[in-house]
Structure formats: structure tokens, C-alpha cells
Amino acid sequence: MFQSRVAWQKLAPLSRASSVLVRSSAKRRVFKPFKMPAAGTPSGCLMSTGLPRDSSNNLMYCFIVGGTFIGGVAYVYRTIKEDKERYTERVAQLLSRSNTERKPEELSTKSEKEEPPAEEESVSSAEAPKKVTTEVSEQASVEVTVENSETEQLSEADGSGKDKIEAASAVMPVSARPDIPSHAPYLLIGGGTASFAAARSIRARDPGARVLIVSEEPNLPYMRPPLSKELWFSDDSNVPETLRFKQWNGKERSIFFQPPSFYVSPQDLPFVENGGVAVLTSRKVVHMDVRGNKVRLDNDSEITYDKCLIATGGTPRNLPTLERAGEEVQKRTTLFRKIEDFKSLEKISRNVESIVIIGGGFLGSELACALGRRARDTDLEVMQIFPEKGNMGKILPEYLSNWTTEKVRKEGVDVRPNTVVKSAKYQDKKVILKLKDGQTIKTDHVVAAVGLEPSVELAKSARMEVDSDLGGFRVNAELQARSNIWVAGDAACFYDLKLGRRRVEHHDHAVVSGRLAGENMTGAAKPYWHQSMFWSDLGPDVGYEAIGIVDSSLPTVGVFAEATAKDTPRAVTQESGTGIRSESETEEVATSVNVTAGAAPSAHPPHDGEDYGKGVIFYLREKVVVGILLWNIFNRMPIARKVIKDGEEHDDLNEIAKLFNIHED
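In this text the structure is predicted, and so the values were computed from the model without any measurement.

On to the packing of aromatic side chains, then. A complete count under the given rule lists 12 aromatic pairs for this structure. A network of ring pairs unites the aromatic residues Phe362, Trp403, Phe534, Tyr544 and Trp631 as a single cluster. The ring of Phe271 carries the charged tip of Arg177 above its face, separated from the ring centre by 4.5 Å.

Structure below.
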């Protein structure tokens, strides 16, 4: 077709010239008498195109134009005929796989005849292709080659491919289905909170969607916060096996988001009638081919996809001094992150005499309180060391950090601030930590809780951008990294319209970003405007929630009041009915707020030793509130979001503190 078009473009001017010639000659013959040219006048001077008037030349030219036209028509006809043949052949292949033309009794008879012996059913999916003869119509049959990668082939067809897959499941025995599907319309890399939230969001908008989650862990998706909180306070000795726990409100629940019955197996995912969510456990995606829309797993299996979410989360950091200390020290070091880490540390805590926790942030302080509570009933010695001046010193203002340190000490923990580990070694069945000040600490086990490193190994093969400052995959406002790739959770570095580019490592962010990514994968095209919250509990009686940029290096203003019995994590979970507080927090921004009558006391720098029952801490940047921490105040996140969203300067934060009604009884 392209060659014909080029030939026509070259011959079109000549064709137009010829037509002008014919019309000009006709007019002269019809309306003007023929006159002999004057003597000396060259022949052909009456022609308007410069072509010779010789009739034989004109006839030859007409033959050329006509032949070209006929050749073009013939080429078009042949091309259309070939396309039609290819289309017919493709339809025949699809129909032959689905066997929709077979009668039920013919299907049953055929399957009985062709069913392999029992000893042959265990043949792997990588064996040579089989040939199956199926009826295409009443008059003809077609022989086609059917491979185990049938799902991938069908996905290349039009939208009716889903129906073909469902029909094919009627004749494909379970034993012949591959353990790993070759194609997943929605592929979610990572088995954490963000992936699960995305899967539910996709299914909500597309009820027939087939979603495949690929997880490195051997477990189904679960929530991580209880690993360092409620699970440690259970009286049930079987908690490591059941992974069920009592929330602060006394209600029991499982750590898993859904029971196994909620999911379909990866083997059955391409064949279930109404789609579903499958989890491929203990597998890691090691390579991404973005142009080919496929990934390669650690066992060399390949999966193609239509839409893909990267929610790989992160891996816990370790101290270089511990990494260099040798194998024996590393055997006695826990990097706390997964269910297996909880089970291991729970068992270790019952069989050793001492544990040292390195790190004074969220995780380190929560584990210190949990192990300290357990140490009350045993001979276990728990020590917490960190380089900051107090617990959560990078988050809380100094006065509140010091108060928190005393709180952790009351839980039975030996807290040592301003402590840096210089070296470590294993000697006399003990891990010996040499400190920067020259002192040494001997312990049986070490827990390193020093932060998280976003998992961005796929960036190289996928050629995706990683933020050099914050880490994580850089994404746009819709959490999109490429045309058909989204990123959510800890691994996403997104742009906040109010606070700039950020990367957040908290449960609520994983839930909301995963949910939004799932919606956008189904065509919602929504921007990520949500200000996610995070929380931490130091047992059932002290907890806080925060939002925005919460950094102790920023100027802060705190307003506190006397707490009541309902101002505890235990009380708020009893009221909301859930132990994961972000589940009870609305994502909406408050449109209006009510201020309790009466003037609040003036904001003042709290004094050391003051009992901080409940309060609000504002984090400022040029008089603009960029972060808010609610200390033992709960269910006020919509108000905090509105304050940050407004982005206004505030000279008197007493008025802003009134919005949170901290002085109500």
C-alpha cells in the first residue's frame, strides 16, 4: 500500500496534465474550427501542457497511468485479502482453544479419551507443546498448537479474551495449569499494605479484574504495626503461631488483612469466572522489561502485565559496625521488619538474659517498651541506646523527648541516650559493643532499629528515576512513574503541593497511596493530595498521632492540658472499635470546626518535670504550620489536615489550639 501511494504521488502531476490536455483539445474541436498553422509555426504550439500533440505519445501515457491505477487496486485487494485470512486464522485459533462449538457430551467423551495416565499428570508445564484438534464449525476443523502460556496468547486478543479464558478452563485440567500464570492484567509487586489496598481498590472499580500480587515473604498480606505493639502485650503464649492479638479495647483480631479463603490460587487466577486476587508468595521480581510489559522472577519465570504497581516497601538498615563485626555477631542481631522477625525475637526474649536495642525512634522505643514490660515478669535485662538526647529525639521537641525517655525507663528499660557504638565483636558467648566514650556493653542479643532503606533495585532494569535525596521512585501527582507503572507506599517519592517532595514510611500512607494507585490503574486519574498521618504507642496508656513535617529541628509551640481517663490509646480503640487508628481516621479535610467556648491558657514552653497529659505541638516554618503532633489527643486528624492545607501564617497559636478542643473534659 505504501509503494502504491508513492507511485501515485509521482504520477499525479502527469495525470492532471493529461486531463488538462484532453479538455483543451476537446474544447478546440467542439467550439472552434480547425485552422492550419501559419508557416513557420512549430507543431504542438496549441497544447497547454508542453506535451507533444502526437496521439501515439498520448496513448502511451494513458496506458502508463491506467496500468498504475490497476496495479494499485490489485495491491489493495491483495492486502485486504491477506488481512482477512490472518483474521480468520486468528479467530479459528481462539475458537479452537475455547471449544465453544463442542457439545457437552462430545467434550466429556473427548476429554476421557485424551486424558493422560495418572503417572503423566505430573509432567511440568515446560514440556513440549501439545496438538489439539477441535471443531471450528460444522463443516471444518482446524489443528492448532496450544502451549501452556495460553493465558498470555489470549491476552493479546481483543476484549473477548476474558470469555475465551473462562471457557478454556472447562477443558483444561488443573494439573495442566502452570503454577505461575504467564500473564496478569494487574500485577502488584510487593505483598505489603500498599499492594493489598491497591488490590481491593482495583476490584472495587473493576469487579472482574484479575490481580496478581508477587511477594517475597511466605505469608499473605498483613498489617505491620501490631508486630511492635499489641502482639507483645498478649497473655496468649500461642501468639507467635496464631498471630491473633487483643487490641487495646479488648477485641481480638488477626494480623492478616483477610483469611486465605479471600484469595484465589495463582494457578487458577486466569480461569476463575469473575476474576479475583491471587498472591504468589516466596517469589521476588528481579528484572523489569518496561517496553515489553513483563517481569522476570528469581526462578526465571516471566509474567506479562497490562498495568503494574511497584510497592516493594523497604528493607531495615543495619549499622556498619555490626555488619563488619563478623558472622557470629550478625547471627545474634535482629533487623526487625517481618513476621519471621517477630517470631524470632519473641522466642529469643524467652531464652536469653539480656537484649540491647539500638535506635531511639518509633520502632526502637516501641520494642523497648514491649520488651521492658515482659522483663517485669522475667529476669530479662533490656537496654536501649541511641545517639540522640532522648527517645524519639528527631521527632519530639526536647522537653517532650525527655519526658518520653523517663516513661520508657518506668517500663523497666535501661535507657542510655547520647550513646554511639564504635565497634562490635563476639567473645565468650557474648556480643561486646564498644562505645565511642570508651565503655563496653555485653549482651546476648542485639536489635538494630535504625531506619528503613527503600527497595529500589528494579529502578536499574526499568530505567526509572530514583530521588537522590529522599530515596524511592520519583512519581507524579497521580503516583505514576511510567505510562502503565505506578508506585505506592514506602518506595514512592511523591510531590506534596504544600510541603514539597516527600517520602513517607507509615501505615496510613501505605493504605491511602495504595488505594489511590489502584483507582488510577483503573482509569480514575486522581491526584494524591492526602496528608497521611502516623502514630506510635508506648503501651496502652500513652500514644500520639502526627501529620505533616514533624522534625524536632524546626521551631515548635506546644499547648498542653490535663488528661482524662479517655485520653489514652486504650480508650480511643474502645470508642472506635479498631486497633489500627488510621482505619478510624477519615481522609477528608474538615470544612468547618467548632471551638470550645472559653479562652485557652497561653501557650508557653513546657517545663521539665511537667506532666504532659495531652496537648498539641505545632511545627513551624516561617510562621506557617507544616506539622502537627497530637499527644494523647485522638480523632482530630481532619482538623490538623485543614490547618496544614490552609498554609497560613499564625501569630497566635492559642487560637489554633482551640480548634482541637484540648481543654474539654
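Additional details are given in the paragraphs that follow.
If you walk through the whole model with that rule in mind, you get 29 salt bridges. With its nearest N and O atoms 3.1 Å apart, the salt bridge here joins Arg374 to Glu346. Within this pair, whereas Arg374 is found in helix 11 (residues 362–375), its partner Glu346 is found in helix 10 (residues 339–349), the two being separated by 28 residues in sequence. You can call Arg374 buried: its relative accessible area is 15%.

Before going further, it helps to examine the sheet that holds strand 14 (residues 381–385). One open sheet holds the five strands; their spatial order is 12-19-13-14-15, and the pairing between them is parallel. Edge positions in the open sheet fall to strand 12 (333–335) and strand 15 (414–416), since each of these has one partner strand only. The average angle at which neighbouring strand axes cross in this sheet is 20 degrees, direction not considered. With three bridges connecting them, strand 14 and strand 15 associate as parallel partners. Across the sheet, Ile385 pairs through a bridge with Arg416, a residue of strand 15. The strands touched by helix 10 are strand 12, strand 13 (354–358) and strand 19 (445–448); relative to strand 12, the strand with the most contacts, the crossing angle is about 145 degrees.

Every second residue of strand 9 (residues 294–297) is oriented toward a common face, the buried set being Val295 and Leu297 and the non-buried set Lys294 and Arg296. Bridge count between strand 8 (residues 285–289) and strand 9: four bridges; the pairing is antiparallel. Bridging across to strand 9, Val285 finds its partner in Leu297. Counting the residues between successive antiparallel strands, the hairpin from strand 8 to strand 9 contains four residues, one of them, Asn293, with a positive phi of roughly 55 degrees. Bridge count for strand 9 against strand 10 (residues 302–310) is three bridges, and the pairing is antiparallel. Considered in strand 10, the bridge of Val295 is made with Ile303. From the end of strand 9 to the start of strand 10, which pair antiparallel, there are four residues, and Asp300 there has a positive phi angle of about 75 degrees.

This part covers the packing of helix 6 (residues 193–205) against helix 14 (residues 507–521). Between two packed helices, the angle of one axis relative to the other and the distance separating the axes together describe the packing. Two elements in contact, helix 6 and helix 14, have axes whose closest approach is 7 Å; the angle formed by their N-to-C orientations is 35 degrees. The two elements helix 6 and helix 14 cross, and the hand of that crossing is right-handed. For the pair helix 6 and helix 14, contact is made by Thr193, Ala194, Ala197, Ala198, Ser201, Ile202 and Arg205 and by His507, Ala510, Val511, Gly514, Arg515, Gly518, Glu519 and Met521, respectively.

The next point concerns the confidence of the model for the protein. Regions with low pLDDT carry predicted coordinates that are not meant to be interpreted in detail. Considering every residue of the protein, the mean pLDDT works out to 79; 71% of them sit at 70 or more. pLDDT under 50 marks residues 582–586. Its contacts with residues more than four places away, or in other chains, come to 17 contacts.

Of note in this structure, Asn293 is not a glycine but carries a positive phi near 55 degrees. Within the element layout of this structure, Asn293 appears in the loop between strand 8 and strand 9. One non-glycine residue, Asp428, adopts positive backbone phi at about 55 degrees. Looking at the secondary structure, you find Asp428 in the loop between strand 16 (421–427) and strand 17 (430–435). Looking at Asp428, the relative accessible area reads 65%, which means it is exposed.

Within the secondary structure, Lys229 is located in the loop between strand 4 (210–214) and helix 7 (239–242). Look at Lys229 and you get buried, because its relative accessible area is 6%. A distance of 3.2 Å separates a polar atom in the side chain of Lys229 from a polar atom in the side chain of Glu366. When sequence neighbours within four positions are dropped, the list of residues in contact with Lys229 reads Glu366, Trp535, Ser536 and Asp537.

Calculation notes
- Residues numbered from 1 in each chain as written.
- Predicted model: local features only at pLDDT ≥ 70, side-chain atom pairs only at ≥ 80, totals over all residues.
- Heavy atoms only, no water.
- Phe/Tyr/Trp six-rings, centres within 6.5 Å; stacked < 30°, edge-to-face > 60°.
- Lys NZ or Arg CZ within 6 Å of the ring centre and 35° of its normal.
- Salt bridge = Lys/Arg side-chain N within 4 Å of Asp/Glu carboxyl O.
- Helix = DSSP H or I, 4+ residues; strand = E, 2+ residues; numbered from the N terminus.
- Buried < 20%, exposed > 50% of the residue type's maximum accessible area, 1.4 Å probe, protein only.
- Pairing = 2+ DSSP bridges.
- Axes fitted to C-alpha atoms, helices over the stretch in contact; angles between N-to-C directions.
- Contact = heavy atoms within 4.5 Å.
- Left-handed = near helix turned anticlockwise from the far one by under 90°.
- pLDDT = per-residue confidence, 0-100.
- Polar contact = N/O pair within 3.5 Å; in protein donor to acceptor, adjacent residues only side chain to side chain.

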